[in-house]
Amino acid sequence: MDRAHARLPSSEFADLYAEHSRAIYYLALRFLGDPEKAQDATHDVFLKAFRKMDQFRGEASWRTWIYRIAINHCRNLQQAWHGRHVFSNADESTWETVEARTDSPLRVLETKELGERIQKTLDALPDEYRLLLLLVADEELSYEQVAELTDQTPDAVRGKLHRARKAFAALFERTA
Amino acid sequence: MKQQKKFSQQEEQHQQTAAQQAAPAPMEFETPEELLRHDAQQTVVPATIEARLAESAADLPPPARSWWRRLFGK
């Protein structure tokens, strides 16, 4: 089939892809930290969604449903990767005592390498904080939905988010 | 000579002003989420994903309507 003329097979699935592909690709890109892996992951996630569309019950939104598939997929990839490589980023306890100004804004003077700085910062965070920040950054998700997706209470999300913000701010400053 | 010096000073000043005008203003983000949101908006999803997906899905049977959709007619 000619790639340029390839069409998604159902209008419902095409709508699903059009509406959520950016969110899923961005999550995969920043969670996995590799554009090629992110492309493969986004393809695989939507293909799984296509196969499972008849299982969607409407109890959750399409957004949270496809996010759940994506999170599981990315976690599996991370686990496979960590199984073969030395795990280097610090665990949560390291960030309990981190010093960072959470009341002052993050300043960006040079936008050219902003993506690299963001990726470096996220890579140095524990997986849990990275995922939390990426999900909370999606304005279409409520704290309750983020809590559901990460299997914890909304209060726990708020607590961890505070520490994740501090850790991100401290690390981001160091990438300047 | 004096006139030439004055000219080069004006030229230098003009270049500095132009450079200042060309430099992008610093951006500020109140929270990391705001920064990530900005980053997400700048991110372009590669078109190759959709093309690959169309190829992969073409070999599969079309998705059945879910039971709750059949039930509620959605």
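Remember, predicted model here, so these are calculated numbers, not experimental data.

Caption draft 1: Geometry of the overall build of chain B. Counting its regular elements, chain B contains four helices and one strand. Expressed as a percentage of the 74 residues in chain B, the buried residues total 15%.

Caption draft 2: Examining the overall build of chain A more closely. When helices and strands are counted, chain A shows seven helices and one strand. Per-residue burial for chain A yields a buried fraction of 33% across its 176 residues. Across chain A, the fraction of contacts at a sequence separation of at least 24, relative to all contacts at a separation of at least 6, is 72%.

Caption draft 3: Structural detail: unusual backbone geometry. All names here are of chain A. Positive phi, normally seen in glycine, also occurs at Asp 151, with a value near 55 degrees. Along the chain, the position of Asp 151 falls in the loop between helix H6 (143-149) and helix H7 (154-174). For Asp 151, a count of 8 C-beta atoms within 10 Å corresponds to the exposed category.

Caption draft 4: View of the domain arrangement of chain A. Residues and elements named next belong to chain A. In terms of domain boundaries, chain A breaks down into domain 1 (8-87) and domain 2 (88-176). With 13 residues of domain 1 at the contact, the number on the domain 2 side is 14 residues. Of all elements in the fold, only helix H1 (11-32) and helix H3 (62-84) reach the threshold of two or more residues within the side of domain 1 that touches domain 2. A total of six residues in the side of domain 1 that touches domain 2 trace back to one element, the largest contributor, which is H3.

Caption draft 5: The arrangement of helix H3 (residues 47-58) of chain B in detail. Given a rise of 1.5 Å per residue, 12 residues ought to cover 16 Å, and the 17 Å separating the end C-alpha atoms of H3 of chain B matches this to within 8%. Within H3 of chain B the residues assigned to the buried category are Ile 49, Glu 50, Arg 52, Leu 53 and Ala 57 of chain B. Along the axis of H3 of chain B, the buried residues cluster in a sector spanning 165 degrees; they form a single face. Exposed side of H3 of chain B, more than 90 degrees from the buried face: Ala 47, Thr 48 and Ala 58 of chain B are the residues found there. Elements that come into contact with the buried residues of H3 of chain B comprise H1 and helix H2 (35-52) of chain A.

Caption draft 6: Structural detail: the interface of chain A and chain B. Listed as interface residues are 44 residues of chain A and, on the opposing side, 35 residues of chain B. Looking at the side of chain A that touches chain B, the elements with two or more residues in it are H1, H2, strand E1 (106-108), helix H4 (114-124), helix H5 (127-136) and H7 of chain A. Residues of the side of chain A that touches chain B, tallied by class, amount to 26 nonpolar, nine polar and nine charged. Sheet topology note: the E1 of chain A/strand E1 (residues 27-29) of chain B ladder contains three bridges and is antiparallel. Bridge pairing in E1 of chain B places Arg 107 of chain A opposite Glu 28 of chain B.

Caption draft 7: The arrangement of the packing of H5 of chain A against helix H2 (residues 32-42) of chain B in detail. For the pair H5 of chain A and H2 of chain B, interaxial distance at closest approach is 8 Å and the crossing angle is 70 degrees. When the axis of H5 of chain A is compared with that of H2 of chain B, the two are roughly perpendicular. Crossing of H5 of chain A over H2 of chain B shows right-handed handedness. Each of Leu 133, Leu 134 and Val 136 of chain A in H5 of chain A lies in contact with H2 of chain B, whose residues at this interface are Pro 32, Glu 33 and Leu 36 of chain B. The residue inventory of the contact of H5 of chain A with H2 of chain B, partitioned by class, reads five nonpolar, no polar and one charged.

Calculation criteria
- Residues numbered from 1 in each chain as written.
- Chains lettered and ligands numbered in written order.
- Predicted model: local features only at pLDDT ≥ 70, side-chain atom pairs only at ≥ 80, totals over all residues.
- Helix = DSSP H or I, 4+ residues; strand = E, 2+ residues; numbered from the N terminus.
- Buried ≥ 20, exposed ≤ 12 C-beta atoms within 10 Å, placed from the backbone.
- Contact = placed C-beta atoms within 7 Å.
- Domains from an automatic or database assignment.
- Expected span 1.5 Å × (residues − 1).
- Arc of directions from axis to C-beta.
- Nonpolar A, V, L, I, M, F, W, Y, C, P; charged D, E, K, R; others polar.
- Pairing = 2+ DSSP bridges.
- Axes fitted to C-alpha atoms, helices over the stretch in contact; angles between N-to-C directions.
- Parallel < 35°, antiparallel > 145°, perpendicular 65-115°, else oblique.
- Left-handed = near helix turned anticlockwise from the far one by under 90°.

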